[in-house]
Amino acid sequence: MAGRRAVIAPLTVWGHALAALLFGLLALGQWRNPDRGWPQKTFVLALTASALWALAVAGIDPHDVAARVAASIRNIAWLAFMLALVRRADQPARVGEASVLAVYAMAILLAVGAAGIAVVETRPFDAKTLAALTETRLGLRMMGAVAALLLVRHLHGIAGPAARGWIRPTVAALATMWTLDAAVFAAGYASGVWLAPLIVMRGFGMAGAALVFALAAHRGGDWSLSMSRTVAMRSLSVIGLALYAVLTLLLIGLADRLGGPNGRILQAAAVFGTTAALLTLVSTPWLRAWTKVKVAKHFFRHRYDYRAEWQRFTETLGTPGEGAAPLAERIVKAVADLTDSPSGLLLVAAGGTLEAGAAWKWNDRPPADSDDRLARHLAVTARIVELDAVRAAPDGEEAAIVPGWIRERRDAWAIVPLLHGTSLVGAILLARPPVDRALDWEDLDLLRVAGRQAASYLAEDRAHAKLADAARFDEFNRRFAFILHDIKNLVSGLTLVARNAEKHADNPAFRTDMVATLQDSATRMNALLARLSQHHQPLAEAAQPVDVAALALRVAVARQAQQAVEVRGSGVACAQPGRLEQVLGHLIQNAVEASASDAIVSVEIVQTPSSVAVEIVDRGCGMSPAFVRDQLFRPFASSKPGGFGIGAYEARQLIEAMGASIAVDSREGEGTRFRLLLPAAPALESAA
């Protein structure tokens, strides 16, 4: 044992002497720094106090009253340095009111109390009293080290990106210093004796901390910090939990000392009571709102973290997701969240008045109001109406235009206009936040900008709705145009049948052909009416082998009363029968209308191993190259008097949808040749 002490004692001296030398040199170097701001001054003071403390431990004794008082001075100096950094992070006048200052004060008082007890211990007391004083001093030292570690965590949290280069080594050095202290005093408090190896370790650890402080001083510029609201809230939460733990430990200790035989019951009651109180506070929405207000008031220049608030605002509006609330309700929520309002109501501009629209957590439906004065006032002034000010001045201008049901609701807090350009889209009625307060300039500016952004979302949503309506009308008109073209073809056929009926009414073959034509026309008219319905959905038709000659012959027979149509050749194509019949109908009808009454329209079908070519040829008036190039396949462009210009356009749409192609060759005065190129049926391809 004596040999062990002979080794440990020199190590204690060497370690603390080395720490004293390093801290002293660093303090001297920093004293020459021209910067004399508070962080720099307190840094030099803390380095000097650390050097003197280490010198006292090395030169006198770790248990001497001088070393113990020097340790308290060292701790207070480092706390002052940390507080100076925090004050540099924001307005000094505001940070002086911050809740975190209470923790600094508590840590300083613990250091002062420990130093005071160390001085009192030098007086002659009996062994029992001295043991109680020592236990109390060690407990204060241990709690002071824990509080300091919490403040170190807070210091690291408020550092902005620009300060990370030096704040990390600073925090590491401070954490090392107080972690070693906490270990030494916790071991002494638990065992009642000093553990010499821990004291040796503390000496060399402090020497290492001095080197890390030197690195931080070399990297650190102006010792400035910037604080994050999120980190501030989390740090306060950690500090609150630490205070809760300290309070619980104190109550347990008091119960043990004063409770006597009932001490165990009192300890259980203390733990249960403090836990119930903590859970009650944490589950209270008011506490969170109050904390946010206090943090914004005392830690920051501005009430809002505009970047975070705007990200949350746009995320609520722009990412609905599956099963999300409608846009109007999300808009109300996004605006209400900015001010922590618990609910809100959208008032929609309609017919010059404001009508109740979507609501977010609004508990009733307001009465109808036909008064347009509030809408006109918001549209002209773009002002946010503060309802508390309206109630305070019942004879004012705004009191006369705000509806009575709004004034009578004490939880109604503000009316935010939603302006898109110069037009009033609506307004949002916000409920009073949990922590009541008056609207200030930051609230008004943020709500004004948010109102315009929300109005743009509403206006865009309405524009999309109008575009959807226009698209439905466009689709209806498109169907109607195609159907009108088909009706024209039907009317032409029926007119020809009616004209020929006067000449050939006694001919049985004509009567048979006429009945077949009428039946076919009625069937096609019913199909056209079905297509005209807005609920009509064309049946999906699969591609299949189609006898093109048989299909063309059926179409030709339907036109036989109008014009002679010849079908030559054969072929089996892979196509959709209904669409191909429509295409042939359009092209043959166009050829019939372009031909003289005694001319013949021919349909020629040629089969190849990979394709089927269909040519519809007429000897009519033909078309110019410019018309074929620029007008033929455009809707509503026609070279025929009274034509609709739909047939060729729809034919190309249908033929391309089947994966086929269409080409045209036309000469004015000679006629026109349409050529369809369809894929051959798979069976024919494989056979080839």
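Draft legend 1. Seen up close, the overall build of the protein chain. Each helix and strand in the protein chain was counted, giving 24 helices and 12 strands. Counting every position in the protein chain, which comprises 688 residues, the buried fraction comes to 42%. The contacts in the protein chain between residues at least 6 apart in sequence include a share of 71% that link residues at least 24 apart. Looking at the protein chain as shown, the accessible area adds up to about 34,800 Å², and 61% of this sits on carbon and sulfur atoms.

Draft legend 2. Molecular detail of the packing of aromatic side chains. Applying the stated rule across the entire model yields six aromatic pairs. Seen in terms of ring centroids, F23 and F213 are 6.3 Å apart; in terms of plane orientation they differ by 55°. Their pairing is tilted. Note that F23 is positioned in helix 1 (residues 2-31) and F213 in helix 8 (residues 196-219), a separation of 190 residues in sequence. Given a relative accessible area of 0%, F213 falls into the buried group. Considering the side-chain rings of F43 and F81, the 5.1 Å spacing of their centres and the 40° angle between planes classify their relative orientation as tilted.

Draft legend 3. Inspection of the packing of helix 20 (residues 548-559) against helix 21 (residues 577-594) at higher detail. Viewed as axis vectors pointing N to C, helix 20 and helix 21 meet at an angle of 45°, and their least axial separation amounts to 10 Å. On the basis of the axis angle, helix 20 is oblique to helix 21. Like other packed secondary-structure pairs, helix 20 and helix 21 cross with a definite hand, here right-handed. Together, V548, L551, A552, R554, V555 and R559 of helix 20 and P577, L580, E581, L584, G585, I588 and Q589 of helix 21 make up the contact between the two elements. Counted by class, the contact of helix 20 with helix 21 contains eight nonpolar, two polar and three charged residues.

Draft legend 4. Fine view of the sheet that holds strand 1 (residues 344-350). Read from one edge of the open sheet, five strands run 2-1-5-4-3, paired in antiparallel fashion. Looking along the sheet, the strands with just one partner apiece sit at the ends: strand 2 (353-360) and strand 3 (385-386). As paired elements, strand 3 and strand 4 (residues 412-420) share two bridges and run antiparallel to each other. By the bridge assignment for strand 4, V385 is matched with I415.

Draft legend 5. Spotlight on helix 23 (residues 647-657). Every buried residue of helix 23 is accounted for by G647, A648, Y649, E650, A651, L654 and I655. G659 sits one or two positions beyond helix 23 and adopts a positive phi of about 80°.

Draft legend 6. Structural detail: unusual backbone geometry. Within the chain, K361 stands out as a residue other than glycine whose phi angle is a positive 60°. Within the secondary structure, K361 is located in the loop between strand 2 and helix 14 (373-381). K361 sits in the exposed class, given a relative accessible area of 62%. Of note in the backbone geometry, A382 takes a positive phi value of approximately 60° without being a glycine. You can see A382 is positioned in the loop between helix 14 and strand 3. Assessed through its relative accessible area of 21%, A382 is described here as partly exposed.

Draft legend 7. Structural context of the pairing of strand 12 (residues 671-679). Sheet topology places strand 10 (residues 611-618) next to strand 12; eight bridges connect them, and they run antiparallel. Looking across to strand 12, one finds that V614 is bridged to L676. Pairing geometry for strand 11 (residues 661-667) and strand 12, over seven bridges, is antiparallel. Counted as the bridge partner of I662 is L676 from strand 12. Count of turn residues in the strand 11/strand 12 antiparallel hairpin: three residues, of which G669 carries a positive phi of about 85°.

Draft legend 8. Inspection of the side chain of E615 at higher detail. One can find E615 in strand 10. For E615, the side chain forms a polar contact with the side chain of R675, separated by 3.1 Å. Setting aside chain neighbours within four positions, we find E615 in contact with S602, V603, E604, R673, F674 and R675.

Draft legend 9. Examining the packing of helix 21 against helix 23 more closely. At a minimum axis separation of 9 Å, helix 21 and helix 23 run at an interaxial angle of 150°. Relative to helix 23, the element helix 21 is oriented roughly antiparallel. Every pair of crossing elements has a handedness; the one defined by helix 21 and helix 23 is left-handed. Mapping the contact onto sequence places R579, Q582, V583, H586, L587 and N590 in helix 21 and G647, A648, E650, A651, L654, I655 and A657 in helix 23. Residue composition of the contact of helix 21 with helix 23, by class: seven nonpolar, four polar and two charged.

Draft legend 10. The sheet that holds strand 11, seen in detail. Strand order in the open sheet formed by five strands is 7-9-10-12-11, and the pairing between neighbours is mixed. Lying at the two open borders of the sheet, with one neighbouring strand each, are strand 7 (564-569) and strand 11. Neighbour-to-neighbour, the strand axes of this sheet turn through a mean angle of 15°, independent of strand direction.

Draft legend 11. Region of the structure containing the nonpolar core. Among the nonpolar cores identified, the biggest contains 47 residues, and F23, W78, L174, W178 and F213 are the most heavily contacted of them. Contributions of two or more residues to this core are made by helix 1, helix 2 (38-59), helix 3 (65-89), helix 5 (100-120), helix 6 (127-157), helix 7 (164-191) and helix 8. For this core, the element with the most residues is helix 3, which contributes 10 residues. Among residues more than four places away in sequence, those in contact with W78 are F23, F43, A46, L47, S50, L174, M177, W178 and F213. By size, the runner-up hydrophobic cluster in this structure holds 38 residues, among which are A552, L584, V603 and I616.

Draft legend 12. The arrangement of the confidence of the model for the protein chain in detail. Residues with a pLDDT of 70 or more make up 71% of the protein chain, whose mean pLDDT is 76. By mean pLDDT, the top-scoring element of the protein chain is strand 10 (93), and the lowest-scoring one is helix 4 (residues 92-95) (40). With pLDDT under 50 throughout, residues 1-7 is counted as low confidence; its partners more than four residues away or in other chains account for two contacts. Overall, residues 684-688 carries pLDDT values under 50, and its contacts beyond four positions in sequence, including any with other chains, amount to seven contacts.

Reading the values: rules and limits
Residues numbered from 1 in each chain as written. Predicted model: local features only at pLDDT ≥ 70, side-chain atom pairs only at ≥ 80, totals over all residues. Heavy atoms only, no water. Helix = DSSP H or I, 4+ residues; strand = E, 2+ residues; numbered from the N terminus. Buried < 20%, exposed > 50% of the residue type's maximum accessible area, 1.4 Å probe, protein only. Contact = heavy atoms within 4.5 Å. Areas by Shrake-Rupley, 256 points an atom, 1.4 Å probe, with all protein chains shown as cover. Phe/Tyr/Trp six-rings, centres within 6.5 Å; stacked < 30°, edge-to-face > 60°. Axes fitted to C-alpha atoms, helices over the stretch in contact; angles between N-to-C directions. Parallel < 35°, antiparallel > 145°, perpendicular 65-115°, else oblique. Left-handed = near helix turned anticlockwise from the far one by under 90°. Nonpolar A, V, L, I, M, F, W, Y, C, P; charged D, E, K, R; others polar. Pairing = 2+ DSSP bridges. Polar contact = N/O pair within 3.5 Å; in protein donor to acceptor, adjacent residues only side chain to side chain. Core = buried A, V, L, I, M, F, W, Y, C linked by side-chain atoms within 4.5 Å. pLDDT = per-residue confidence, 0-100.

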